[in-house]
Structure formats: C-alpha cells, structure tokens
2 protein chains.
Amino acid sequence: MKNLNLLFSAIVMLLFSIFSVNAQSQRGPRVKSPEIHTNNSVTFRLLAPEASKVTLSGNWMAGWGTQVELTKGDSGIWSVTTEILPAEFYTYTFYTNGVKTLDPQNPQVVRDGTRFENAVIVPGKESEVYTVKDVPHGVLSKVWYPSPTLEKSRRMYVYTPPGYAESTEKYPVFYLLHGAGGDEDAWTTLGRTPYILDNLIAEGKAKPMIVVMTNGNAWSSAAPGEEPKAESTPDFSQMARGGFEKSLVNDVIPFIEKNYRTLTNKNNRAIAGLSMGGMHTQTITNTNPDKFGYIGVMSMGLMNNSRWGNYNEEEHKKQIQTLKDSGIKLYWIGCGKEDFLYESVTNLRKFYDDSGFKYEYLETPGGHTWTNWRIYLSELSPKLFR
Amino acid sequence: MKNLNLLFSAIVMLLFSIFSVNAQSQRGPRVKSPEIHTNNSVTFRLLAPEASKVTLSGNWMAGWGTQVELTKGDSGIWSVTTEILPAEFYTYTFYTNGVKTLDPQNPQVVRDGTRFENAVIVPGKESEVYTVKDVPHGVLSKVWYPSPTLEKSRRMYVYTPPGYAESTEKYPVFYLLHGAGGDEDAWTTLGRTPYILDNLIAEGKAKPMIVVMTNGNAWSSAAPGEEPKAESTPDFSQMARGGFEKSLVNDVIPFIEKNYRTLTNKNNRAIAGLSMGGMHTQTITNTNPDKFGYIGVMSMGLMNNSRWGNYNEEEHKKQIQTLKDSGIKLYWIGCGKEDFLYESVTNLRKFYDDSGFKYEYLETPGGHTWTNWRIYLSELSPKLFR
C-alpha cells in the first residue's frame, strides 16, 4: 500500500505520455497544422522526414484535383502557406509521395463517399453559421426504420431542435436528401446541418424544426460499414427508378409522424435535396402534390420523369399544373454558375416560367460543391414554415 | 427538350464516374483492401507507385508500434498478407515513407484520441457480437446537457434500445465511461457499444437498457471539433479531482431520468468504466453507495481516493464497508494479464478480499486495449439488471 502514490504518479505520467503521443500522433518535433494566421492565410504542416514529395489539395483551389507542393524544412517538417482565404468551412488533404494522407494534427475529419478529408473553418462572417457555438444544441440521432417498400431495415438521421425533449409541442419536419456518392451521413458532416440549424434557431432566423436525413441509395440500407452482412453493390439503375422516392413517402414520413411530435399537414412538411436528391425531390413532389408545402431543389435541373429515356413532357406539364393548383408555399431553386448541371437548371426554370409556376432562385459562384449546398441550406431553412 | 435523354445519360455517366473515383479514391488500377481470405488470413494493399517504403501496423501485431513492410508489385500496388488471424475487430494503418496513411479502399475508420485508423472485422464466433447484423437496432443520439457542476453545456451519447420509441415502458440505465485520451465518441466507435447491445438484446442475452456514454474530461465539453470556441487544453490535474465524478451524479443522472423513460432505483442503475473511467467509477460508487446496484471496473486497480498523493486507507475501508452494507447486486472487475495496471488490479482485489467485499473477476490475455474493453462490455452487459 505504501507504494500507492508512486504507482499513481506512474500511471498519470503514462496517461500523459499516451495523450501527448496522440496529440503528436507520431514521435518527433511538435507540429502545428493547420495554423490560421490573423489575416486568414493558413499554414499547413506535415512531419515527413522520409518523404521525397508532399503536396496539398484543398477545396479553395481552382480546378478539380489541383495540388500545391510543400517545402521541406528543418526536422523533416514540410509546410506551405496559402493566400488569404475567404471565411469558409474548407476540406483538404495531403499527399505523401502521391498517397493521400490525413493531417495527423487535425482531429476534424469528414467523409465524402469513401474519401476522407480534413476540415478547417477559416473564421469570419460567412463561416459563422457553420461553427460550433455556445448556443442550445439539438439532438442528432441515428435511427433505423422499417422500409416495406425497399424490403429492408434502413438507417437515417433525425435532428430534433433544442427544447424538443422538454416541451410537449409539435414541430414541422424538413426532409433533406443527399446526392449520388453520398449517404445518410453526408448532410450531418459535410453539410454541417446540426450546426447550421442550431445557430439559425438560436438567432431566431429559422423556426425550430425536425430535420430528417435519409439514405437515398435504394440498393443499400446504411452508410458504408453500417450495413448488415456484406456491403451492398451500388446499383445506379435504381437511382431514379422511384424506389427510394416511394419509400420516403410510404415508409419514412409515416414512421416520423408516428414516433415524433410532428405537425402533420402539408404546410408543416418541407423537402429539399442536392443533385440526385434534387431529382428525388422533384419526383416525390411532382407525384405527391399534396404532401409538401416547401420544396427545395439544389444543383439539379430538368430531368424528372425522364426515367432513363422516356421523358413525357405532357405528363410533366400536368404534374406542375397540379402542384401549382395545390398551393405551394415556396418552391426554391439554387445553382452554382459553374455547375455542370447549370444548363439543365436553366431548362427547368424555363419550363416553370412557361408553365407560370412560381419559384425563388438563388445563383451562386462555383459549381457542384458542398460549399454551395451549405450556403443553400443556410439560405433555405430560414424561409421554411413561415 | 429533345436533348434531355442525352443530358440525363451524361449526368448518370458523370455520377458513375464520381462514384468509381470515390471507390478507388484515386485514379489507377483497381485495388482490393483489405481482402479477407477464406482461411482468415488478410491481404492489405495500397496503390503507391511513387513511394519508396510502405509499412503496415495492426493491433494484432505483438508489441506497441510494430510495423511490417509491404512488397511493391506490378502497377505500383504494395501488398502484404498476414498469418491466419483469430476472429476479431481489428484496427490498422499504413505508413507511406514513414507517414501514417489510411487505407483508401476501406471506408471503415475509427478515431482513437486524435489518431485515425482503419477497422476490419475478421469473421468468426468471437467477432460476431461486434458485427452489424440484421436485427432490431437501438437509436444512438448525440445529446447536449447542462452541467452546472462543470459550468458548461456538455455532450454525451445516449443509446436507447430497440422498441424504446414504440413502448411506454421504463428502462434501466447503464452509465459507461471512457479512459484518458478518449472522449464521448470512444465507446460508440472503438467500443462497438451500439452493435454489441443490439446483438446481445436480439439474442435475449442482455436486457433492453439505456446506455449513457459521457465525456469524462472535465476540462472540455465535447470531442475534438465539437466544442464551442477554441479547443480546450487537456488539464490532467482535473483527471481525478472529482469534477466529472460529481457532475455525473449531480447533472447527468437527473437529466437522463427527467428526459428518458427510466427506472430510477439503485438496482436499475449500472456504471462501468475503463482505465481513467474505472477510476471515475470507483470514486463515484465509493462516495455514492446508494446510487448503483451494478458496478464494473475495467483495467483499473487500487488508486481511488489517492488524489495526487493523499490516499487514506481508513477512509477507503469505511467506504467499501458502506458499499457492502448497502447491498450491491454485482461488482465486476476485468483486467488483461499483460495490462500495465495489472499489479494495481491485484492490489484492489486483495483490498476487497481483505475487506470481505465480493466481486466477480475476469482475467483475459493481452493488455490495456480496446480488444479487452469490447470483451468486457460483451461479458458484463448480460449480467446487468438481472
């Protein structure tokens, strides 16, 4: 017993050393990365004494796949400093001798499909809404639900707003759909949805609402690694075959309205999606004009009902007429000027204009990117349920 | 409009190509990694044509930091095949010219402190309980709660068992604490808690229960990147100063019992923790003998109340006598034969033996590892609330 203090000290020292190995992630000199300077330029550093080439790829760089070289300095620390960066939530990765390498100094990692990247927020007005703040936080839950339509149990995220647990109130529901290559995780991580909603609700800019983030890949039940049995094989022929779209209406909405305190009329349901999710949104709302009072289409244009080659313009016109007659509170479209789908979005707008169907339109710089989709969520959610 | 089919085809092809770039994560030949062979040996592969050295570190290897070299083959694909591996949930990482590199073919990634590693399950009887199966799944929620004790809002995970939402029943609650270097994410990812509980409950081996996984670092409010403002600096002097321990009793338990349908008597509360969490468990239960009917101490021995040098054996004896008199359903201790705290665990057992205080003890091979802590959770949770 008399050696207890010694033992205790030894354990504390060991735990300290584990922590400091963790913090450095490998032995060697202390490395700080990323370092955000007061002028909002950023220095990225990687300890790689044995590497002969280290590059950096970041989503602020122009052009897909652009990389800049780091310079090797003392003690094997490679570094590069960016220009002054606009306030934003950025993702980046190193390449060590051509192989993708996470920044071992940065615990913030996001997954895009099967690609892992580090994340960094450059502070300022535009990135405020993406930042974790000392405001009331909603609850984010991973929820499995039965899908008789797709004949499997499936996973989704449900965000309930601050105050939900303590109140007896009923809330409106926003269904938020990801794009091809994504899954139910995407809006919660890359999309920053819980942070955006927490911040907008705290400022009184958005109404407290439930947000439901589904998995739009009809062939699978959950994100990679979260599925029972072997991973399912992507089957893009299902992308617009209507299976997911039907399951959202027939399985997801009834599950949510049964298990959460929800307002269950049209004007208390919103739906929006990006890219493939914008296609899903169009299919769902064109074929269910009575379900949603608020509709958002992000970075996706006219292609609904084309169904791999049998687009029926007359049917589409009828659907839009019915949607119009049914009374929609808001139809919102967002697209980047450089989006590869820009022309299809222009066609969709023309189609709606010709049909006398009203919508709000936001055009942003940039392309088919999460930078834009975060902006669209931040712009659209304050307009819901007003 | 007549070009719609062409446009749609172009988009589908683009989405296909994005997906396949994702799957490969970089251009080049198709790489399969990890490949589990029918005899449960595993081949790991990395495409790194420009690298001059690639190594693999896996937690099945003997010795901390052990690495084996991969061999460069055609097309710049490096590979190595393991011996036959026992069925387990393993973690591993590559090093490319000395720099840690995730396996770009494997979407399963877990974080241990600030270290990211890939995960792979080698199938078999021992790893069945860690596997995602087609059984009813509980709900895992990230929940913020007020901590007047620590003067901040803090984050935890709450697992509610399958059937919770649909029923009106009240459930017992298991408080599960992580170790130094970890945070509230640890038991949900490295610990596989939701999968273990789903599987044990589905088999009728564990009773349906709520599991609460807190953040035991009194100086911080949440996992890295999830905290408001700047990251907090680890302050290990708080490790055993009692702040977290008090907050669990004064803040967490009342919050859980107010916001969830819980059974609120002693025999429907369990607590267990690993390493630092085992120390927290001892402090909490020694000073609150009326709160928990089931107590688990994993990989942590006699050090309670030593408080940086003022261990009071007489006080400890009184506490254990009070705990004994109060009637404990189960006191459970688990430790690995090679744990660096093995001797302190032996001392704790001797102290309990001398005090006539009954406990169950499980000794496993191996050391201070998540492999053991997953085993302990799988062994302990079926014994709770019986």
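Refer to the structure printed above.
Counting starts from 1 at the beginning of each chain's written sequence and moves along it residue by residue. All chains are assigned letters beginning at A, and all ligands numbers beginning at 1, according to the order in which they are written. Whole-chain, interface and lining totals are the exception, using all residues; otherwise, since this is a predicted model, local features are given only for residues with pLDDT of at least 70 and side-chain atom pairs are given and counted only at 80 or more. Hydrogens are left out, water is left out, and the side-chain values use all remaining heavy atoms of the structure.

Student: Hey, could you run me through the pairing of strand E6 (residues 77–84) of chain A in this one?
Tutor: Across a regular strand the side chains alternate sides, sitting on one face of the sheet and then on the other. Here, a strand pair is defined by DSSP locating no fewer than two bridges between the strands. A helix here means a DSSP run of H or I that spans at least four residues, while a strand means a run of E at least two residues long, and both kinds are numbered starting from the N terminus. Summarising the sheet, strand E2 (residues 41–47) of chain A and E6(A) pair through six bridges and their orientation is antiparallel. The residue of E6(A) that forms the bridge with Leu47(A) is Ile77(A).

Student: Even after reading the chapter, I still don't get the packing of aromatic side chains, so can you show me in this structure?
Tutor: The criterion for an aromatic pair is that two Phe, Tyr or Trp rings (for Trp, the six-membered ring) have centres within 6.5 Å, with stacked assigned to planes under 30 degrees apart, edge-to-face to planes over 60 apart and tilted to the rest. Tallied over the entire structure, the rule returns 34 aromatic pairs over all chains. Ring geometry for Tyr331(B) versus Tyr352(B): centroids 5.2 Å apart, planes at 85 degrees, classification edge-to-face. Of the two residues, Tyr331(B) sits in strand E17 (residues 330–336) while Tyr352(B) sits in helix H7 (residues 342–354), which places them 21 residues apart along the sequence. Across the pair, Tyr352(B) and Tyr331(B) agree in class, each one buried. Through successive ring pairs, a cluster of aromatic residues spans Phe44(A), Trp60(A), Tyr90(A), Tyr92(A) and Phe94(A). The criterion for a charge sitting over a ring is simple: Lys NZ or Arg CZ within 6 Å of the ring centre, and within 35 degrees of the ring normal. One Lys or Arg, Arg349(A), reaches over the ring of Tyr361(A) and ends 3.7 Å from the middle of that ring. To sort residues, take the accessible area from a 1.4 Å probe on protein chains only and compare it with the maximum for the residue type: under 20% means buried, over 50% means exposed, and anything in between is partly exposed.

Student: Would you mind showing me how to read the nonpolar core here?
Tutor: Among soluble globular proteins, nonpolar side chains are generally buried collectively. Nonpolar cores were defined as sets of buried Ala, Val, Leu, Ile, Met, Phe, Trp, Tyr and Cys residues, with membership established by side-chain atoms within 4.5 Å. In this structure, Met156(A), Tyr175(A), Leu248(A), Ile256(A), Tyr331(A) and Tyr352(A) are the most contacted members of the largest nonpolar core, which totals 48 residues. Top element by residues in this core is helix H4 (residues 243–259) of chain A. It accounts for seven residues.

Student: Looking at this structure, I do not really get the packing of helix H4 (residues 243–259) of chain B against helix H5 (residues 276–287) of chain B. What am I missing?
Tutor: Each pair of packed helices gets described by two things: the angle between the helix axes and the distance between those axes. Residue and element names in this part refer to chain B. Remark: H4 packs on H5, axes separated minimally by 9 Å, with the N-to-C direction vectors making an angle of 60 degrees. As summarised for this structure, H4 and H5 are arranged oblique, according to the angle between their axes. As H4 runs across H5, the sense of the crossing is right-handed. Across the interface between the two elements, Phe244, Glu245, Leu248 and Val249 of H4 pack against His280, Thr283 and Ile284 of H5. Note on residue categories: nonpolar means Ala, Val, Leu, Ile, Met, Phe, Trp, Tyr, Cys or Pro, charged means Asp, Glu, Lys or Arg, and polar means any other residue, Gly included. Its residues assigned to classes, the contact of H4 with H5 comprises four nonpolar, two polar and one charged. Here an axis means a line fitted to C-alpha atoms, over the contact stretch when the element is a helix, while the angle between two N-to-C directions is reported on a 0 to 180 degree scale. What sets the label is the angle itself: under 35 degrees gives roughly parallel, over 145 gives roughly antiparallel, 65 to 115 gives roughly perpendicular, and the rest give oblique. The sense of a crossing depends on the near helix, which, turned anticlockwise from the far helix by less than a right angle, makes the crossing left-handed and, turned clockwise, makes it right-handed. Residues are treated as being in contact if the distance between any of their heavy atoms lies within 4.5 Å.

Student: How should I be thinking about the pattern of salt bridges in this particular structure?
Tutor: As a working rule, side chains carrying opposite charge can pair if their charged atoms are close by. Residue and element names in this part refer to chain A. Here, a salt bridge means any side-chain nitrogen of Lys or Arg that lies within 4 Å of a carboxyl oxygen of Asp or Glu. This structure, assessed with the given rule, holds 30 salt bridges over all chains. Here lysine 337 and glutamate 363 are joined by a salt bridge, their closest N and O atoms 4.0 Å apart. Placement of the pair is lysine 337 in the loop between strand E17 (330–336) and helix H7 (342–354) and glutamate 363 in strand E18 (residues 360–364), with a sequence separation of 26 residues. Classification of glutamate 363 by relative accessible area gives partly exposed; the value is 27%. Ionic contacts of the salt-bridge type, sharing partners, join the residues Arg111, Arg155, Asp183, Glu184, Asp185 and Glu226 into one network.

Student: Would you mind showing me how to read the sheet that holds strand E2 (residues 41–47) of chain B here?
Tutor: Each strand in a sheet pairs with its neighbour through backbone hydrogen bonds, running either in the same direction (parallel) or in the opposite one (antiparallel). Reading across from one edge, E1-E2-E6-E5 (chain B) is the order of the four strands in this open sheet, with antiparallel pairing throughout. Lying at the two open borders of the sheet, with one neighbouring strand each, are strand E1 (35–36) and strand E5 (71–72) of chain B.

Student: Just to check I follow, could you spell out the sheet that holds E6(A) for this structure?
Tutor: A sheet is described by the order of its strands in space; here four strands give the open sequence E1-E2-E6-E5 (chain A), paired in antiparallel fashion. Sheet topology places strand E1 (35–36) and strand E5 (71–72) of chain A at the edges, where each strand pairs with a single neighbour.

Student: Just to check I follow, could you spell out the side chain of Ser221(A) for this structure?
Tutor: For Ser221(A), the location among the structural elements is in the loop between strand E14 (210–213) and H4. Aside from chain neighbours lying at most four places away, what touches Ser221(A) is Trp144(A), Lys152(A), Ser153(A), Arg154(A), Arg155(A), Asn215(A), Glu227(A) and Pro228(A).

Student: I tried to follow unusual backbone geometry on my own but got confused; where do I start?
Tutor: The omega torsion across Ser33(A) and Pro34(A) is -15 degrees, close enough to zero to call that bond cis. For Pro34(A), the position within the fold is in the loop between helix H1 (4–24) and E1. In this model, Glu151(A) sits at a positive phi of 55 degrees, which is unusual for a non-glycine residue. Along the chain, Glu151(A) turns up in the loop between strand E11 (139–147) and strand E12 (152–160). Even without a glycine there, the phi angle at Arg192(B) is positive, about 55 degrees. Here Arg192(B) is to be found in the loop between helix H2 (186–189) and helix H3 (193–202). Take Arg192(B): its relative accessible area is 5%, and that puts it in the buried class.

Student: What am I meant to see in helix H6 (residues 313–326) of chain A here?
Tutor: Helical geometry: 3.6 residues make up each α-helical turn, so side chains three or four residues apart lie on a common side. Residue and element names in this part refer to chain A. Expected helix span is taken as 1.5 Å per residue step, with the number of steps being one fewer than the number of residues. The end-to-end C-alpha separation of H6 is 20 Å, in line with the 20 Å expected for 14 residues at 1.5 Å each. Those residues of H6 that fall on the buried side of the exposure criterion are His316, Gln319, Ile320 and Leu323. Projected down its long axis, H6 carries its buried residues within an arc of 95 degrees, all on one side. Opposite the packed face of H6, turned more than 90 degrees from it, sit the exposed residues Glu314, Lys318 and Asp325. Those residues of H6 hidden inside the fold are in contact with helix H5 (276–287), strand E16 (294–298), E17 and H7. Side-chain atoms alone can form a polar contact between residues adjacent in sequence; in general such a contact is a pair of N or O atoms within 3.5 Å, and within protein one must be able to donate a hydrogen while the other accepts it. Measuring from the backbone nitrogen of glutamate 314 back to the side-chain oxygen at the start of H6 gives 3.1 Å, which picks out asparagine 312 as the cap. Trailing H6 by a residue or two, glycine 327 shows a phi angle of about 85 degrees, which is positive. Relevant arc is that of directions from the helix axis to the C-beta atoms, nothing else.

Student: Which parts of the structure should I look at to understand the side chain of Thr281(B)?
Tutor: Locating Thr281(B) in the fold gives a position in helix H5. Contact partners of Thr281(B), with chain neighbours within four places excluded, come to Leu177(B), Ile271(B), Ala272(B), Gly273(B), Ile295(B), Gly296(B) and Val297(B).

Student: Explanation requested: the pairing of E12(A) in the structure shown.
Tutor: Residue and element names in this part refer to chain A. Counting buried positions over the nine residues of E12 gives seven, a clear majority of the element. Note: E11 against E12, nine bridges, orientation antiparallel. Its bridge partner being in E12, leucine 140 is matched across the sheet by tyrosine 159. Hairpin geometry of E11 and E12 is characterised by an intervening segment of four residues between the two adjacent antiparallel strands and by a positive phi of about 55 degrees at glutamate 151. Of the strand pairs in this sheet, E12 and E14 are connected by three bridges, and their pairing is antiparallel. Within E14, the residue paired with tyrosine 157 across the bridge is methionine 213.

Student: Hey, could you run me through H5(B) in this one?
Tutor: Residues and elements named next belong to chain B. The terminal C-alpha atoms of H5 lie 17 Å apart, and with twelve residues this matches the ideal 16 Å at 1.5 Å per residue to within 8%. H5 sits mainly inside the fold: eleven of its twelve residues count as buried. By the burial criterion, the buried members of H5 are Met276, Gly277, Gly278, Met279, His280, Thr281, Gln282, Thr283, Ile284, Thr285 and Asn286.

Student: I keep staring at the environment of Leu302(B) and nothing clicks. Help me out?
Tutor: Along the chain, Leu302(B) turns up in the loop between strand E16 (294–298) and helix H6 (313–326). With relative accessibility at 1%, the residue Leu302(B) sits in the buried group.

So far we have only geometry, and geometry alone does not tell us how the molecule works.
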